[in-house]
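What follows is each chain in one-letter form.
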Number of protein chains: 2
Amino acid sequence: MTELKSFLKSDQILTDQASLQNYGKDWTTYFDINPSAIVFPRTTEEVQKLVLWAIETKTALVPSGGRTGLSGGACALNQEVVVSFEKMNRILNFEDLDQTLLCEAGVITEAIQKYAEDKNLYYPIDFAAKGSSQIGGNVATNAGGIKVLRYGLTRNWISGLKIVTGSGEILELNKGLIKNATGYDLRQLFIGSEGTLGFVTEVTVQLARRPQDFEVVLLASENLDEVMKIFTLFRKQIELTAFEMFSRAALEKVLHAQKTPDPFDQSYPFYIVAEVEKTAESSDRLMQILEQGMETGSIQNGNVSQSKTQSSLFWSYRENISESLSAFSPYKNDIAVQVSKVPDFVKDLQTILSSSYPKWEVIWFGHIGDGNLHINILRPKDLSKEDFVKECQKVDQLVFDCVAKFSGSISAEHGVGLTKKKFLSKTKSPAEIEIMKQIKKTFDPHNICNPGKIF
Amino acid sequence: MTELKSFLKSDQILTDQASLQNYGKDWTTYFDINPSAIVFPRTTEEVQKLVLWAIETKTALVPSGGRTGLSGGACALNQEVVVSFEKMNRILNFEDLDQTLLCEAGVITEAIQKYAEDKNLYYPIDFAAKGSSQIGGNVATNAGGIKVLRYGLTRNWISGLKIVTGSGEILELNKGLIKNATGYDLRQLFIGSEGTLGFVTEVTVQLARRPQDFEVVLLASENLDEVMKIFTLFRKQIELTAFEMFSRAALEKVLHAQKTPDPFDQSYPFYIVAEVEKTAESSDRLMQILEQGMETGSIQNGNVSQSKTQSSLFWSYRENISESLSAFSPYKNDIAVQVSKVPDFVKDLQTILSSSYPKWEVIWFGHIGDGNLHINILRPKDLSKEDFVKECQKVDQLVFDCVAKFSGSISAEHGVGLTKKKFLSKTKSPAEIEIMKQIKKTFDPHNICNPGKIF
């Protein structure tokens, strides 16, 4: 610690209990948080010094961004030193011609969106936690969200990374280039590595042309097979920016929480919020698609939003699900299968869950256009939190066995962190995991970068 | 060899001189080709057997696709066994809902484009060699081409890979998923690895919505600074699918070769072919942008294509450059810098080249919207081929020093292969190259997969 103070100022180290508990965890709630200190580097060079100090003193480091993760990837349980990027929050450069922004790892996602907007550009990675999450954390988890269908994941928008490896080397990966065919793209390895290979200190973010505006439709459907038919109908005729699904149970929780009326005069098993960029022809095209879907019966009911307020309302049905469920302390899972496998996967899993847990309420929603489902199981009132958590660990096994059967992913967008490392072999083969471990050793030979995460 | 024949049929091994010379090289012309045999596996399992045999017998393997590479990545110089994927050319599956196609590594790029078209979909990776290049090779080099600006590189369209590592392990990477946050994305490492980590045997290709049609404009401009202003003008107002630049000298060679008249009534230093998807508003928008550019003087002259024939003619000015130069046996280079650095980089390099080689004719063209320039130097008539090659090796040094000064890439899209490995350190740091070498060892501990390529 004394040596730490030789290159960090006093306001760059915190060791009080409140800070340890605050900075040592993410949005997960069931780990015992126990870091030894929180440090706040201001430059890449300070991060490098921290890493060299950690190697010297055999101290484990846990990177900490906006701490909005849901897999425990930023939780410090074993006296680690937490490296917060909160003070590395400057936007360093903007290049209009390149449509790129160079910034430090601690810049908030929403700040990037707003900066882009000020420049009449667009940062398309968008999700509920954007107001607190940091770009460094977005890179570490390859954040997704609601516009992946049109714009892809964080990976697609990162043209350069400055990183410090677990050996204390500073690397500049890809240098903001669009095209660069010079061997293995280590930038790609870092994206999604959850802080286990080293720490991202600067990011070159690629920005997009700003869309003119969006049109939003709300649809109702009988079952998931029909939902998928609707998806195909849209996708073949128009460029979707989002296609989100939720069940009647999910909608009911939201309607109750936000006290808004049912969107249609009767209820339906499944709902869809779909979005496209507004163009001269988008309204007509949407109406045509709606008519086609209603003729075949895939679409049971539907509305094209007529105003921004109505668009927001349609989106609220989907975006407020998590919040409206939080009172039920739900068991959450985030998995993905190929889009075409969604209906069979859901049927299988529903059968499994309802035979094992006939009285449990399961809420389904998700980025269905990406094959990404969020499964939320509500705690039955007669079950204590402890018993529920225990039961849910059994549910994990059932869910992930089903994911493995459908060649899916045990974590679509939240990462492996601590919560899913036990189940990594359900998605990756032993040979692949072994190669991953060797890559970890290559970048982090002293095992100081977020040890115990992923594997 | 006897053991090879135990698991390969007689039509799967060739050792005659003509075949050795044919299958042992790519489009580069100055290497002495010297493989020991050409083998044609038909399945992933046969590739695995080949790798295990190669480990056992300490034989180096060189993967061979459409052999259209320009960096010597598929050249066999040292008695290697060449593994041709020619017989692994089946499309195995198509999923309409996922918009994915599963195929073997030897499928021709253009066959994928056509298959997609038959399904009313679109495979957007497009370049001159598409009629011979194979998807496995496209993955190995992360092929780019003319639509990168809108659709990105091959990397963006690969949702799954089946590979055989240099240890003989079969891995299924990412399994066709859109979202999969389960640790390091080894698929990304393989993309662009030029066959040095193992061999791609199957590819899951993501397809796009089929664009309605394209509008093409031909523009003339005074200098590169203005070309860049035009680029910005377009990009802010319309979604570009391509933005290609070429110099007057390049145009003249094409006009002479294809015997078409000058597109404008006077000559200009630089020309642009820009393309957008046709929509209800694209024509009006293009006309507005042209007017704006002409008002400011950035655009000196311009035409919006009025027919498919005219679109093809505009594209021919750009696409036929390489062919029309081939009679001059040009020295070719393919480099990239950030888009914003293009004008300064070109000025610098022009100064350097014209002071060292005042009489040489240098032809500039490229995917300027990606910062990707193709530099072609024509052989002066009074210089023998041998002397020209020698001089060009000196030019390499000048070009790559300039690339390094501008933090660019020594290979934008052709790869490192044999031709650029000497210069890798101009783009990557020693620490990064060392990590790349360790990754190579992790996948290919016996150094049997395309040894001597990249580094």
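About the cut-offs
Residues numbered from 1 in each chain as written. Chains lettered and ligands numbered in written order. Predicted model: local features only at pLDDT ≥ 70, side-chain atom pairs only at ≥ 80, totals over all residues. Heavy atoms only, no water. Phe/Tyr/Trp six-rings, centres within 6.5 Å; stacked < 30°, edge-to-face > 60°. Helix = DSSP H or I, 4+ residues; strand = E, 2+ residues; numbered from the N terminus. Lys NZ or Arg CZ within 6 Å of the ring centre and 35° of its normal. Pairing = 2+ DSSP bridges. Axes fitted to C-alpha atoms, helices over the stretch in contact; angles between N-to-C directions. Contact = heavy atoms within 4.5 Å. Least-squares fit on C-alpha atoms with pLDDT ≥ 70 in both. Buried < 20%, exposed > 50% of the residue type's maximum accessible area, 1.4 Å probe, protein only. Arc of directions from axis to C-beta. Buried area = accessible area lost by both parts, 1.4 Å probe. Salt bridge = Lys/Arg side-chain N within 4 Å of Asp/Glu carboxyl O. Core = buried A, V, L, I, M, F, W, Y, C linked by side-chain atoms within 4.5 Å. Polar contact = N/O pair within 3.5 Å; in protein donor to acceptor, adjacent residues only side chain to side chain. pLDDT = per-residue confidence, 0-100.

Q: Help me understand the packing of aromatic side chains, please; the structure alone is not making it clear to me.
A: We describe a pair of aromatic rings using the distance from one ring centre to the other and the angle between the two ring planes. The final tally for this structure, using the stated rule, is 40 aromatic pairs over all chains. On the numbers, 5.0 Å between centres and 55 degrees between planes, the contact of B:Phe231 with B:Phe243 is tilted. Residue B:Phe231 is located in helix α8 (residues 224-237), and its partner B:Phe243 is located in strand β13 (residues 240-247); the two are separated by twelve residues in the primary sequence. Linked through ring pairs, A:Tyr122, A:Tyr151, A:Trp157 and A:Phe214 together constitute an aromatic cluster. Directly above the ring of A:Phe40 sits A:Lys87, whose terminal nitrogen or CZ lies 5.4 Å from the centroid. In this structure, A:Lys147 is placed above the aromatic ring of A:Phe214, and the distance from its NZ or CZ to the ring centre is 3.8 Å.

Q: Sorry if this is basic, but what is going on with the sheet that holds strand β18 (residues 372-378) of chain B here?
A: All names here are of chain B. As summarised here, the arrangement of the seven strands in space is β15-β12-β14-β13-β17-β18-β16, forming an open sheet in which the pairing is antiparallel. The sheet terminates laterally at β15 (301-304) and β16 (331-336), the two strands that pair on one side only. Neighbour-to-neighbour, the strand axes of the sheet open up by a mean angle of 15 degrees, direction not taken into account. Sheet topology places β16 next to β18; six bridges connect them, and they run antiparallel. The residue of β18 that forms the bridge with Lys 332 is Asn 376. Relative to β15, helix α10 (residues 282-296) is tilted by about 175 degrees, and along the sheet it contacts β12 (214-221), β14 (270-277) and β15.

Q: Just checking my understanding: could you explain the relation of the copies chain B and chain A for this structure?
A: Mapping between the two copies of the chain is achieved by a rotation about an axis and a shift along the axis. Each copy superposes on the other: chain B lies on chain A with an RMSD of 0.0 Å after a rotation of 180 degrees and an axial shift of 0.0 Å. The two molecules are tied by a two-fold rotation axis, judged by turn and shift. Taken as a fraction of all interface residues of chain B, those also at the interface in chain A reach 100%, which identifies the copy contact as same-surface.

Q: Sorry if this is basic, but what is going on with unusual backbone geometry here?
A: Apart from glycine, the bulk of residues carry a negative phi angle, and the bulk of peptide bonds sit in the trans form. All names here are of chain A. The backbone phi angle of Asn 120 is positive, close to 60 degrees, even though this residue is not glycine. Of note, Asn 120 is situated in the loop between α4 (109-118) and β7 (121-122). For Asn 120, a relative accessible area of 40% translates into the label partly exposed. Phi angles above zero are rare outside glycine, and Asn 450 is one such case at about 45 degrees. On the secondary structure map, Asn 450 appears in the segment after α15 (430-443).

Q: Just to check I follow, could you spell out helix α4 (residues 109-118) of chain B for this structure?
A: Since the α-helix packs 3.6 residues into each turn, any two residues three or four apart lie on the same face. Residues and elements named next belong to chain B. Those residues of α4 that fall on the buried side of the exposure criterion are Thr 109, Ile 112, Gln 113 and Ala 116. Burial along α4 is one-sided: seen end-on, the buried residues are contained in an arc of 100 degrees. Among the exposed residues of α4, those oriented more than 90 degrees off its buried face are Lys 114 and Asp 118. In the core, the buried residues of α4 are packed alongside β6 (100-104), β7 (121-122), α5 (135-141) and β10 (198-206).

Q: I would appreciate a short explanation of the sheet that holds strand β8 (residues 158-165) of chain A in the present structure.
A: Each strand in a sheet pairs with another by means of backbone hydrogen bonds, the pair being arranged parallel or else antiparallel. All names here are of chain A. Taken in spatial order, the five strands line up as β5-β6-β10-β8-β9 in an open sheet, and their pairing is antiparallel. Each edge of the open sheet is held by one strand with a lone partner, namely β5 (91-95) and β9 (170-173). Between one strand axis and the next, the sheet turns through 15 degrees on average, direction left out of account. Here β8 pairs with β9 via four bridges, running antiparallel. Looking across to β9, one finds that Lys 162 is bridged to Glu 172. Strand contacts of α4: β5, β6 (100-104) and β10 (198-206), with the helix running at about 145 degrees to β6, the strand carrying the most contacts.

Q: Explanation requested: the interface of chain B and chain A in the structure shown.
A: Tallying the contact residues gives 85 residues for chain B and 85 residues for chain A. A buried area of about 7,000 Å², summed over both sides, lies between chain B and chain A, and 54% of it is on carbon and sulfur atoms. For chain B, the biggest contributors to the area lost against chain A are B:Leu97, B:Lys179 and B:Tyr184; these three give 15% of the whole. Applying the counting rule to chain B against chain A returns twelve salt bridges. In this structure, the salt-bridge partner of B:Glu239 is A:Arg150, at a minimum N-O distance of 3.0 Å.

Q: Explain the pattern of salt bridges to me, please; I cannot follow it from the model alone.
A: Close approach of charged atoms allows side chains with opposite charge to pair. The tally for this structure, following the rule as stated, stands at 57 salt bridges over all chains. Among the salt bridges present, the one from A:Glu244 reaches A:Arg318, with a minimum N-O distance of 2.7 Å. On the criterion of sequence distance, the pair formed by A:Glu244 in strand β13 (residues 240-247) and A:Arg318 in helix α11 (residues 308-319) is long-range, its members being 74 residues apart. Between B:Asp185 and B:Arg187 there is a salt bridge, with its nearest N and O atoms 2.7 Å apart. Neither residue differs from the other here; B:Asp185 and B:Arg187 are each classed as buried.

Q: Help me understand the pairing of strand β17 (residues 361-367) of chain B, please; the structure alone is not making it clear to me.
A: If a strand is regular, its side chains alternate between the two faces of the sheet. All names here are of chain B. Where burial is concerned, most of β17 is hidden: five out of the seven residues are buried. Here β13 pairs with β17 via two bridges, running antiparallel. Note on β17: the bridge partner recorded for Met 245 is Gly 366. Across seven bridges, the pairing between β17 and β18 is antiparallel. Pairing of Ile 363 across the sheet is with Asn 376, part of β18. Between β17 and β18, which follow one another and run antiparallel, lie four residues, and Gly 371 among them has a positive phi close to 70 degrees.

Q: How should I be thinking about the nonpolar core in this particular structure?
A: Nonpolar side chains tend to gather and get buried jointly when the protein is soluble and globular. In this structure, A:Ile135, A:Leu161, A:Ile439, B:Ile135, B:Leu161 and B:Ile439 are the most contacted members of the largest nonpolar core, which totals 127 residues. When neighbours within four sequence positions are excluded, B:Ile439 is seen to be in contact with A:Tyr184, A:Leu186, A:Leu189, A:Phe443, B:Leu189 and B:Leu197. Listed in part, the 49 residues of the second largest apolar core include A:Met245, A:Leu286, A:Val337 and A:Ile368.

Q: Help me understand the environment of B:His374, please; the structure alone is not making it clear to me.
A: All names here are of chain B. With respect to the helices, strands and loops of the structure, His 374 is situated in strand β18. His 374 gets classed as buried once you look at its relative accessible area, which sits at 8%. As a C-alpha pair, His 374 and Tyr 271 span 103 residues in sequence and 15 Å in three-dimensional space. Every residue in contact with His 374, bar those within four places of it in the chain, is listed here: Arg 318, Asn 333, Asp 334, Ile 363, Trp 364, Phe 365, Gly 366, His 367, Glu 413 and His 414. In this structure the side chain of His 374 is engaged in a polar contact, spanning 3.4 Å, whose partner is the side chain of His 367. Separated by 3.4 Å, the side chains of His 374 and Glu 413 make a polar contact.

Q: Help me understand the confidence of the model for chain A in this model?
A: Detailed reading of the predicted coordinates is not advisable wherever pLDDT falls low. Mean pLDDT over chain A stands at 95; residues scoring 70 or higher make up 100%. For this predicted complex, the interface confidence reaches an ipTM of 0.95, while the overall pTM sits at 0.96.

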